[in-house]
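Structure assessment
The primary structure of each chain is shown beneath.
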Amino acid sequence: MSAVLRRGLLPPVRDDHYMRLPDAQVVATRALLAVRENIRAAITARAMMCVYGNTGHGKSLAVNASLRDLAPHQTYRIQFRARPTTRDLRHELFYALRLSGRPPQRPIEFDRTLRGALAEEFRVVVCDEAQWLSRHCFEYLRYLWDDVDTDLAIVFTGGNGCFEVLQSEPMLESRIYVWQEIPRMSLAEVQSVIPAFHPLWATAPAELIVRADTEAAHGNFRAWAKITHLMLQGLREADSMAVDEQLLRWAYSKLKHRRAP
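Now for a description of the structure that goes with this document. Remember, predicted model here, so these are calculated numbers, not experimental data.

The rules behind the values
- Residues numbered from 1 in each chain as written.
- Predicted model: local features only at pLDDT ≥ 70, side-chain atom pairs only at ≥ 80, totals over all residues.
- Heavy atoms only, no water.
- Helix = DSSP H or I, 4+ residues; strand = E, 2+ residues; numbered from the N terminus.
- Expected span 1.5 Å × (residues − 1).
- Buried < 20%, exposed > 50% of the residue type's maximum accessible area, 1.4 Å probe, protein only.
- Contact = heavy atoms within 4.5 Å.
- Pairing = 2+ DSSP bridges.
- Axes fitted to C-alpha atoms, helices over the stretch in contact; angles between N-to-C directions.
- Core = buried A, V, L, I, M, F, W, Y, C linked by side-chain atoms within 4.5 Å.
- Parallel < 35°, antiparallel > 145°, perpendicular 65-115°, else oblique.
- Left-handed = near helix turned anticlockwise from the far one by under 90°.
- Nonpolar A, V, L, I, M, F, W, Y, C, P; charged D, E, K, R; others polar.
- Disulfide = S-S within 2.5 Å.

A look at helix α6 (residues 135-146)
Each turn of an α-helix holds 3.6 residues, which means side chains three or four residues apart point in the same direction. For α6, with twelve residues, the first-to-last C-alpha span of 16 Å sits near the 16 Å given by 1.5 Å per residue. Those residues of α6 not exposed but buried are Cys137, Phe138, Tyr140, Leu141, Arg142 and Leu144. On its buried side, α6 packs onto α4 (86-96), α5 (107-120), β3 (123-128), β4 (152-158), α7 (162-167) and α8 (170-173).

Printed below as a string of structure tokens:
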């Protein structure tokens, strides 16, 4: 399906992992299981929730994987990479909800169209990178959610600053049903999760996994995907099957930062 046709829908499974890492698996970490249960609760309550945490900790993966199980045909995503206006938000919702025709010209007509669509059936609206939304955009989403006729749950997800941005809007903050922070994985969890994350690590020495996390990955899923991708590249270039310290050091040479944040 083309990017245009997929607009607003959950991304394909192949997009879950950084750089579409081949053969990577979705692993049931403690954070993912908690996200799933919290989204289930938010759906049941028709509520708003927020999933936040530092870049690379697996927020989007956990939310997308959970919603594929819980509401695959009722989920619609919007995402911004810069600060949108309320007009931008209206248009993004219009296309994400896959409404027919052309977007209305007047705000009052636009609002009536969106409220009507959101009253037709239950929907989960995911606002990814929510830290980019302005106060006016948050107010508009609250306005849609507060409408007595609309039937929706809203999941805000975001990286650095998302929690602070939502907390700073009292009218919205008071309506958030669940707050969930996604922390980096502990070393103990890394040791149990990473062998299941990718075949490269399934038979790797346990001490190599500990060293990779301690020296470079620091419990960050995106960093693990990057290191794995580099090591696979190294294996192809060396025509080797040896997952060892030499290969790990070679991968390190490609990384800019290796210190714990």
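A closer look at the sheet that holds β4
Pairing within the open sheet is parallel, and its five strands lie in the order β2-β3-β4-β1-β5. Lying at the two open borders of the sheet, with one neighbouring strand each, are β2 (75-79) and β5 (176-181). Direction aside, neighbouring strands of the sheet carry axes that sit 15 degrees apart on average. Both β3 and β4 contribute to a ladder of five bridges, which runs parallel. Following the sheet pairing, Cys127 is matched in β4 by Phe156. Helix-sheet contacts for helix α2 (residues 30-45) involve β1 (48-52), β3, β4 and β5, and the interaxial angle to β5 is about 175 degrees.

Observations concerning the nonpolar core
With 32 residues, the main nonpolar core has Leu93, Leu133, Phe156 and Leu166 as its most contacted residues. Where this core is concerned, the elements lending two or more residues are β1, β2, α4, α5, β3, α6, β4 and α7. For this core, the leading source of residues is α6, giving five residues. With residues near it in sequence (within four places) discarded, Leu93 still touches Ile78, Leu114, Val125, Tyr140, Leu141 and Leu144. Of all hydrophobic cores here, the second largest spans 31 residues; its members include Ala24, Ala212, Met231 and Leu247.

Here we look at the packing of helix α9 (residues 187-197) against helix α11 (residues 206-217)
Close contact between α9 and α11 brings their axes to 10 Å; oriented N to C, the two are set at 125 degrees. With respect to α11, the axis of α9 lies oblique. Crossing of α9 over α11 shows right-handed handedness. From α9, Leu187, Val190, Gln191, Ile194 and Pro195 reach across to α11, where they touch Ile209, Val210, Asp213 and Thr214. Of the residues in the contact of α9 with α11, the class split is six nonpolar, two polar and one charged.

Focus: the state of the cysteines
In total, this model carries zero disulfides according to the counting rule given. As a non-bridged cysteine, Cys137 has Cys127 as the owner of its nearest cysteine sulfur, 9.4 Å distant. What makes Cys137 buried here is its relative accessible area of 0%.

Side note on the environment of Met48
With respect to the element layout, Met48 can be found in strand β1. A relative accessible area of 0% places Met48 in the buried class. Separated by 24 residues in the primary sequence, Met48 and Ala24 have C-alpha atoms spaced 31 Å apart. In this structure, Met48 is in contact with Trp145, Ile154, Phe156, Leu172, Arg175, Ile176, Tyr177 and Val178, ignoring residues within four places of it in sequence.

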